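Survey of secondary and tertiary structure
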Amino acid sequence: LTKYGVDVVAFESRPDLATSGYRLHMNADGGTALRFLLRADAFSAYQQTSRRNPRRHVLAMVDENLDEVATRPHIGPPNDRLVPHTAVNRLTLRQILASGLGESVQFGARVAGFVEDSDGVTVRLVDGTEVRGDVLVAADGMRSQVRKQLLGAPMFRDSGEATIYSRVPFSMLG
């Protein structure tokens, strides 16, 4: 939004940009959207920090012995040479998305809800602060308070599967 001159305030519930998780896998649709939405320097940083040569075109699932038990095709259209990325570190992507926002990011600000009227929206934070704006964009995950207020309680169903990603220093492998 800032690329197009829109004033933005981002409420980040965490005290900083650090996050759990490892990588986000991006298909060509995600890469194309970022190319359109990000400033040129930010998109360049995204490309330079993304994995360029995926080992596979599928997601492999393994059991507790690390034996492959299933695979799933890459989601979405294939990546092309103009968008040669399939994964990016979560923290790096958060830093890229926040670049250029400066004081517009309010850390430690958890959204409790909102009130919408014909002139815009008022966002209510957990600490009681209210902020007025024209549009509210919720990007706060599957347990989003905004989503809950708009659509009701999320309907999750446990699939019985779990995924664990990890990084291990080379010094621990030998």
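Overview of the structure.

The rules behind each value
- Residues numbered from 1 in each chain as written.
- Predicted model: local features only at pLDDT ≥ 70, side-chain atom pairs only at ≥ 80, totals over all residues.
- Heavy atoms only, no water.
- Helix = DSSP H or I, 4+ residues; strand = E, 2+ residues; numbered from the N terminus.
- Buried < 20%, exposed > 50% of the residue type's maximum accessible area, 1.4 Å probe, protein only.
- Contact = heavy atoms within 4.5 Å.
- Pairing = 2+ DSSP bridges.
- Axes fitted to C-alpha atoms, helices over the stretch in contact; angles between N-to-C directions.
- Arc of directions from axis to C-beta.
- Phe/Tyr/Trp six-rings, centres within 6.5 Å; stacked < 30°, edge-to-face > 60°.

1. Observations concerning the overall build of the chain
If you tally the helices and strands in the chain, you get four helices and ten strands. Starting at the N terminus and walking to the C terminus, you meet the elements of the chain as β-β-α-α-β-β-β-β-α-β-β-β-β-α. Put simply, the chain has 174 residues, and 20% of those count as buried. Considering only intrachain contacts with a sequence separation of at least 6, the fraction spanning at least 24 residues in the chain is 60%.

2. Side note on the sheet that holds strand E6 (residues 87-89)
Taken in spatial order, the three strands of this open sheet run E2-E6-E3, and their pairing is antiparallel. Each having just a single partner strand, strand E2 (23-25) and strand E3 (50-51) make up the two edges of the open sheet. Each of E2 and E6 is contacted by helix H3 (residues 90-98), which is oriented at about 80° to E6, the strand it contacts most.

3. Quick notes on helix H2 (residues 40-49)
What sets the pattern is the α-helix's 3.6 residues per turn: residues three or four places apart point alike. Every buried residue of H2 is accounted for by Ala42, Phe43 and Tyr46. Buried residues in H2, looked at end-on, bunch into an arc of 100°, giving them a common side. Facing away from the buried side of H2, by more than 90 degrees, are the exposed residues Ala40 and Gln48. Summarising the contacts, the buried residues of H2 are in contact with helix H1 (28-37), E3, E6 and H3.

4. Observations regarding the pairing of strand E9 (residues 120-125)
Of all six residues that make up E9, five are buried, and the element is covered over most of its length. Across six bridges, strand E8 (residues 111-117) lies against E9 in antiparallel orientation. Across the sheet, residue Phe114 finds its bridge partner in E9, namely Val123. Counting the residues that bridge the hairpin from E8 to E9 gives two residues. Both E9 and strand E10 (residues 130-133) contribute to a ladder of four bridges, which runs antiparallel. Of the residues in E10, the one forming a bridge with Arg124 is Glu130. Taken together, E9 and the strand that follows it, E10, pair antiparallel across an intervening segment of four residues, in which Gly128 is found at a positive phi of about 95°.

5. Brief notes about the packing of aromatic side chains
Counted by the stated rule, this structure contains two aromatic pairs. A centroid spacing of 6.1 Å and a plane angle of 35° characterise the contact between Tyr4 and Phe36, whose relative ring orientation is tilted. With a gap of 32 residues between them, Tyr4 in the segment before strand E1 (10-12) and Phe36 in helix H1 connect regions that are remote in the sequence. Centroid distance Phe43 to Tyr46: 5.8 Å. Interplanar angle 40°. Geometry classified as tilted. Of the two residues, Phe43 and Tyr46 are both situated in helix H2; the distance of three residues between them amounts to about one turn of the helix.

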